[in-house]
Amino acid sequence: MNEDVVIIGAGLAGLACARTLTAAGVGVRVLEASDGVGGRVRSDHVDGFTLDRGFQILLTAYPELSRWFDLDQLDLRRFQPGATIWTGSDFRTVGDPIRSPRDLPSTVFAPIGSIADKLRLLKLIVSVRRGSVPDLLRRPDSSTRAELERLGFSPRFIKRFFEPLFAGIQLDPDLDVSSRRFEVILRMLAVGDSAVPAKGMGTLSDELAAGLPASAIRCNAPVRSIDGTTVTLANGDQLTSDAVVVATHGPSAAELLGIPDPGSRPVAAIWFDATNEPIRNRRILLDGAHSGPMKNLAIHSEVAPSYAPAGKTLCVAAVPGKDALHPNLESDVRTQLASWHPGARSWETIRVDVIAHGQPLQLPPLDPRRSVRLGQGRYVCGDHRDTASIQGALFSGRRAAAAVLADLQSKPPQ
Ligand SMILES: Cc1cc2nc3c(=O)[nH]c(=O)nc-3n(C[C@H](O)[C@H](O)[C@H](O)COP(=O)(O)OP(=O)(O)OC[C@H]3O[C@@H](n4cnc5c(N)ncnc54)[C@H](O)[C@@H]3O)c2cc1C
């Protein structure tokens, strides 16, 4: 087979699609609007620091990871399981007693909810670990908050634990996201690790791209429109192929294909050089006190020393939701940080990332496996077709490639 397929977008979904097609002997051309591959998963090197585009973590339990990557080669640096919670006056640790029994006492006595809440959490973790991921995705769906309330969690525990944790992961401070997605993520947290590759999250994208022929990817090539299987670039160039796969984020796919826009959850990240007055902690720090727009803080170089030059400390503060777009973002986060740790006044800002489309909305009822086949040689993939995650993007890219291959193979010879 030597068909030509045009893929629009070189994020994880587009790259996974391109790799699958290439492996099957199909020629691909990937058109990417920006100056590099990776989309939302890219890393930059700034003054010796490695900065991802926004604060991201890799959940090692994602089933797609081992399909695409040699996890040893990624040289993963792992967060300590559990979380450290800012209660408004001090920091308390909540662990996962199933994985780390010595965290049991601090978890039981942390003033973030009742003993009954903590037992409910244990029961929920046991429940999401049972069965398969597709089983979880078939459970009845509601908002995450409604599900937590149904399970009997107290408002205090929801506010102090679930809100800051899932605000960070689902970019969802209000816990509106589908409970199916929430339960899948909780399972990933419970059975695997939270990690980053030593050289930055962008390693994932770079590794996928490295498996493609060098000439397959064209950067700085934004696509303006699609007519049938003819693609017109912003500079007027046109390409016609047997199949077109739109692997952009949801809003751009909606514009190019006229499909519904899946909505956007914004997010911001502020990267600090905290060398002067560092915090030392390998767990994620959560704002259980709702003390400002920042929902979590990671002392990144404690987890992955390679993210900072020797002797330096790199921290990242994450602000999910509409606060990310507030004009006073940086000063509000600085005030909040100073209330946690007065030494943070001396931290130097390295970069502020504001990302208008962090993830699609993923409201209930969530269809975690939306069709990738649009008919007449057109296909769509990306995190808006599956779960809004690295896992969802990779899986949807592979699904789109499988649909293209099946259609090309069933096409009568010309
Ligand atoms: C700050 C942040 C934190 C996150 N944290 C996590 C996390 O911890 N764990 C997790 O699993 N997921 C996380 N996510 C989500 C995850 O990064 C995404 O779900 C995933 O990367 C989406 O990949 P994609 O290929 O579908 O889309 P994208 O990465 O958006 O790729 C789409 C590509 O299409 C290109 N493009 C757009 N329009 C055009 C056009 N007209 N012509 C040509 N090219 C075009 C874009 O430039 C881009 O490169 C996070 C996202 C953000 C932003």
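Criteria and thresholds
Residues numbered from 1 in each chain as written. Predicted model: local features only at pLDDT ≥ 70, side-chain atom pairs only at ≥ 80, totals over all residues. Heavy atoms only, no water. Helix = DSSP H or I, 4+ residues; strand = E, 2+ residues; numbered from the N terminus. Rg over C-alpha atoms; globule rule 2.2 N^0.38 Å. Buried < 20%, exposed > 50% of the residue type's maximum accessible area, 1.4 Å probe, protein only. Contact = heavy atoms within 4.5 Å. Areas by Shrake-Rupley, 256 points an atom, 1.4 Å probe, with all protein chains shown as cover. Lys, Arg positive; Asp, Glu negative; His and termini not counted. Charge placed at Lys NZ, Arg CZ, Asp CG, Glu CD. Domains from an automatic or database assignment. Buried area = accessible area lost by both parts, 1.4 Å probe. Salt bridge = Lys/Arg side-chain N within 4 Å of Asp/Glu carboxyl O. Polar contact = N/O pair within 3.5 Å; in protein donor to acceptor, adjacent residues only side chain to side chain. Phe/Tyr/Trp six-rings, centres within 6.5 Å; stacked < 30°, edge-to-face > 60°.

**Some points on the overall build of the chain**
Secondary structure summary: the chain contains 13 helices and 21 strands in total. The C-alpha radius of gyration of the chain comes to 22 Å, within 12% of the 22 Å expected for a compact globule of 414 residues. Structurally, the chain occupies a C-alpha span of about 70 × 50 × 40 Å along its principal axes. Expressed as a percentage of its 414 residues, the buried residues of the chain come to 56%. Long-range pairs, those at least 24 residues apart, make up 72% of the contacts in the chain with a sequence separation of at least 6. Accessible surface, the chain as shown: approximately 16900 Å² in total, 51% of it carbon and sulfur. If you average the places of the 47 positive and of the 45 negative side-chain charges in the chain, the two averages end up 5 Å apart.

**Quick word on the domain arrangement of the chain**
Taken domain by domain, the chain consists of domain 1 (4–41 + 202–262 + 364–410) and domain 2 (43–200 + 264–359). With both chains or domains summed, domain 1 and domain 2 bury close to 2500 Å², and 62% of this area falls on carbon and sulfur atoms. Counting every contact that joins domain 1 to domain 2 gives one salt bridge. The partner of R398 in a salt bridge is E64, and the shortest N-O contact between them spans 2.5 Å. Linking domain 1 to domain 2 there are ten residue pairs in polar contact (both at pLDDT 80 or more).

**Thoughts on the packing of aromatic side chains**
Inspection of the entire model under this criterion finds 13 aromatic pairs. Note on F157 and F162: the rings are 5.6 Å apart at their centroids and 85° apart in plane angle, and the pair reads as edge-to-face. For the pair formed by F157 and F162, the shared burial category is buried. For the pair F272 and W347, a centre-to-centre distance of 5.7 Å together with 55° between the ring planes defines the contact as tilted. Placement of the pair is F272 in strand β15 (residues 265–273) and W347 in the loop between α12 (329–340) and β19 (348–359), with a sequence separation of 75 residues. Residue F272 shares its accessibility class with W347, and that shared class is buried.

**A word on unusual backbone geometry**
With an omega of -5°, the peptide bond between P364 and P365 qualifies as cis. Structurally, the position occupied by P365 is in the loop between β19 and β20 (373–375). Backbone geometry at D75 places phi at a positive 55°, although glycine is not the residue there. With respect to the helices, strands and loops of the structure, D75 is situated in the loop between α2 (63–68) and β6 (76–78). For D75, a relative accessible area of 34% gives the class partly exposed. Even without being glycine, L171 reaches a positive phi, approximately 55°. Tracing the sequence through the fold places L171 in the loop between α7 (155–170) and α8 (179–191).

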